[in-house]
Amino acid sequence: MNRRQFLKLGGVTGGAVFLGGVWRMGGRSASAQSGTVPTVDHLALTTVVDNFYDAFARSAKLDTINVQRTVLPHGRPLLAEHGLAYHLESMRGQERREILLDFGYRMATLTNNYAALKLEPTKADALIISHGHIDHFGGLPDFALVTQGRWKPGLTLYAGGEDTFCHRVVMNPSGGAQDYGELNRAGLEGSGFRVALAKQPTVVAGHALTSGQIARTTDFEQSPPAARLVAGPIDSACAATHFGATKVEAKPGELVFDTFQGEHATAYHVKDRGLVVITSCGHAGVINSTRQVQKATGIQKIHAIVGGFHLAVATDEIVAKTVAAFKDINPDYIIPMHCTGLNTIIATHREMPKKLVMPSTGTRVIFGA
Ligand SMILES: [Fe+2]
């Protein structure tokens, strides 16, 4: 694929594709397109939903970030659940943008916490869904229905690929299959949203970046072995041939290994700080995700790595290799959430105590000025 074809491919996905540094596709290199990576002056990242809520977590001004905790609001406590949702507010000069990234498991949790945090989600300039697991999209379909007509016209939801809208299950140790949901694209479009597939790195709302589909470059980050996709009909968006590099012949309804081909990370380039990378659930690997954003932008400096790192069930060896890679990348801060696991949080604290910021639902981290 040459550069022209690559840009054309990006163009039909609905976002502005950016290329930084040198991007290699199919063994060929595409030259850099300078000046397309937006730099924001300020980013306020609010964790709307996470697995944890710690009423005793303390606010703190650290070296280059401000961590603001939310004490229990009177009459409307914050709810925690197995899920993740963010509100992202950025400033670029006088230009303000708000983006919603992921939507928790249940609408009741999502709407309770938006209200408790005094956020108005329908002011959003764009929506991003990281991947097709229900603990990230679960709150969205019903919320889109009850808020229909209140959003900005033409509001776009950015997904990383067709497989975001395929049926997921996770195998239990007992051999049973746990339903992980199926996000209905037509339903969202019926609620008034535009859906864009950002398979390549894409600028969102002029301020944020999505990683595009994430190259697997490490030898220790593997897709969770229990994750499965339900194959759809041949020629449908969920036919097995769409499940990335996994070339399988599967009949509709059969379960195939999930490689999370369409999972993407979100990032901001913050002035005088560097990149803030948000992994969401990190099935593609937190290190792969971070390296992908570095390569796509041509920017090496990582200010913070934020999100679920999906290492809760990882071996000690994989945790050690991940933390060693953190030390090599040398971010200013690591904010592990959701599916990261206590094992990795403890190892990060042991190796890089001053870089670790503990998660809690309702936490707002201010990056930049
Ligand atoms: Fe998750």
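All values reported here derive from a predicted model rather than from experimental measurement. Sequence positions are assigned chain by chain, starting from 1 and proceeding in written order. With pLDDT at 70 or above as the cut-off, local features in this predicted model cover only qualifying residues; side-chain atom pairs require 80 or more to be listed or tallied, and sums for whole chains, interfaces and linings still use all residues. The side-chain values count all of the structure's non-hydrogen atoms but skip hydrogen atoms and water molecules.

Peer 1: In this structure, what is going on with the sheet that holds strand β8 (residues 85-92)? I would like to understand it.
Peer 2: Strand-to-strand pairing in sheets goes through backbone hydrogen bonds, with the strands running parallel or antiparallel. For two strands to count as paired, DSSP must find a minimum of two bridges between them. Counting from the N terminus, the helices are DSSP H or I runs at least four residues long and the strands are E runs at least two residues long. As summarised here, the arrangement of the nine strands in space is β6-β7-β23-β5-β8-β9-β10-β11-β14, forming an open sheet in which the pairing is mixed. The open sheet has two free edges, formed respectively by β6 (60-61) and β14 (194-197), since each of these has just one partner strand. Direction of pairing for strand β9 (residues 95-103) relative to strand β10 (residues 126-128): parallel, over a ladder of three bridges. Along β10, the bridge assignment pairs leucine 101 with isoleucine 128.

Peer 1: Is there a simple way to think about the coordination of the iron ion in this case?
Peer 2: Octahedral six-donor coordination of a metal ideally yields angles of 90 or 180 degrees, compared with 109.5 degrees for tetrahedral four-donor coordination. For Na, K and Ca the donor cut-off is 3.2 Å, while for other metals it is 2.8 Å, and in both cases only N, O and S atoms qualify; water is not among them, so sites may look incomplete. For the iron ion, every protein donor is listed as Asp135 (OD), His136 (NE2), Cys281 (SG) and His338 (NE2), and the spread of their distances is 2.2 Å. The rule is simple: four donors are tetrahedral if all their angles sit between 85 and 135 degrees, four are square planar and six octahedral if opposite donors span more than 155 degrees and the others lie between 65 and 115, and anything that fits none of that is irregular. Taken together, the four donor atoms coordinating the iron ion and their angles of 82 to 163° define a geometry best described as irregular. Mapping the donors of the iron ion onto the primary sequence gives the spacing D-H-x144-C-x56-H. Among the residues examined, histidine 136 registers a relative accessible area of 0% and is labelled buried. Exposure categories follow from relative accessible area, calculated using a 1.4 Å probe and restricted to protein chains: below 20% of the type maximum is buried, above 50% is exposed, and the middle band is partly exposed.

Peer 1: Where do I start with the environment of methionine 358 in this structure?
Peer 2: Position of methionine 358 relative to the elements: it lies in the loop between α8 (342-351) and β23 (364-368). Sequence spacing of methionine 358 and arginine 58 is 300 residues, and the spatial spacing of their C-alpha atoms is 9.9 Å. Contact between two residues is taken to exist if any of their heavy atoms lie within 4.5 Å; hydrogens are not considered. When residues no more than four places from it in sequence are discounted, the contact partners of methionine 358 are Arg69 and Ile345.

Peer 1: Even after reading the chapter, I still don't get the packing of aromatic side chains, so can you show me in this structure?
Peer 2: By convention here, two paired aromatic rings are described through the distance between centres and the angle between planes. Two aromatic rings, drawn from Phe, Tyr or Trp (for Trp, its six-membered ring), form a pair once their centres lie within 6.5 Å of each other, and the interplanar angle then sorts them: stacked below 30 degrees, edge-to-face above 60, tilted otherwise. One pass over the full model with this rule turns up four aromatic pairs. Residues tyrosine 114 and phenylalanine 143 carry aromatic rings whose centres are separated by 5.7 Å and whose planes lie at 35° to one another, so their mutual orientation is tilted. Residue tyrosine 114 is found in helix α2 (residues 107-116), and its partner phenylalanine 143 is found in helix α4 (residues 140-146); the two are separated by 29 residues along the sequence. Residue classification places tyrosine 114 among the buried positions, given a relative accessible area of 3%. On the basis of relative accessible area, phenylalanine 143 is assigned to the buried category, the value being 7%. The criterion for a charge sitting over a ring is simple: Lys NZ or Arg CZ within 6 Å of the ring centre, and within 35 degrees of the ring normal. Stacked on the ring of phenylalanine 165, the Lys or Arg arginine 185 has its end atom at 5.8 Å from the ring centre.

Peer 1: How should I be thinking about helix α7 (residues 316-329) in this particular structure?
Peer 2: Residue pairs spaced three or four apart in an α-helix point in one direction, given the helix's 3.6 residues per turn. Expected helix span is given by 1.5 Å per residue-to-residue step, counting one fewer step than there are residues. Under the 1.5 Å per step criterion, the end-to-end length of α7 is 20 Å for 14 residues, consistent within 8% with the ideal 20 Å. Here the buried face of α7 lies against α6 (286-297), β21 (302-308), β22 (333-337) and α8. One or two steps after α7, the chain reaches asparagine 330, where phi turns positive at roughly 60°.

Peer 1: Just to check I follow, could you spell out the pattern of salt bridges for this structure?
Peer 2: Definition used for salt bridges: Asp or Glu carboxyl oxygen within 4 Å of a side-chain nitrogen of Lys or Arg. A complete count under the given rule lists 15 salt bridges for this structure. Taking the shortest distance from any N to any O, the salt bridge between arginine 106 and glutamate 81 comes out at 3.2 Å. Taken as a pair, arginine 106 in the loop between β9 and α2 and glutamate 81 in the loop between β7 (65-68) and β8 lie far apart in primary sequence, 25 residues in all. Assessed through its relative accessible area of 43%, arginine 106 is described here as partly exposed. Linking arginine 350 and glutamate 351 is a salt bridge whose minimum nitrogen-to-oxygen distance equals 3.6 Å. Connected through shared salt-bridge partners, Asp163, Arg168 and Asp258 make up one network.

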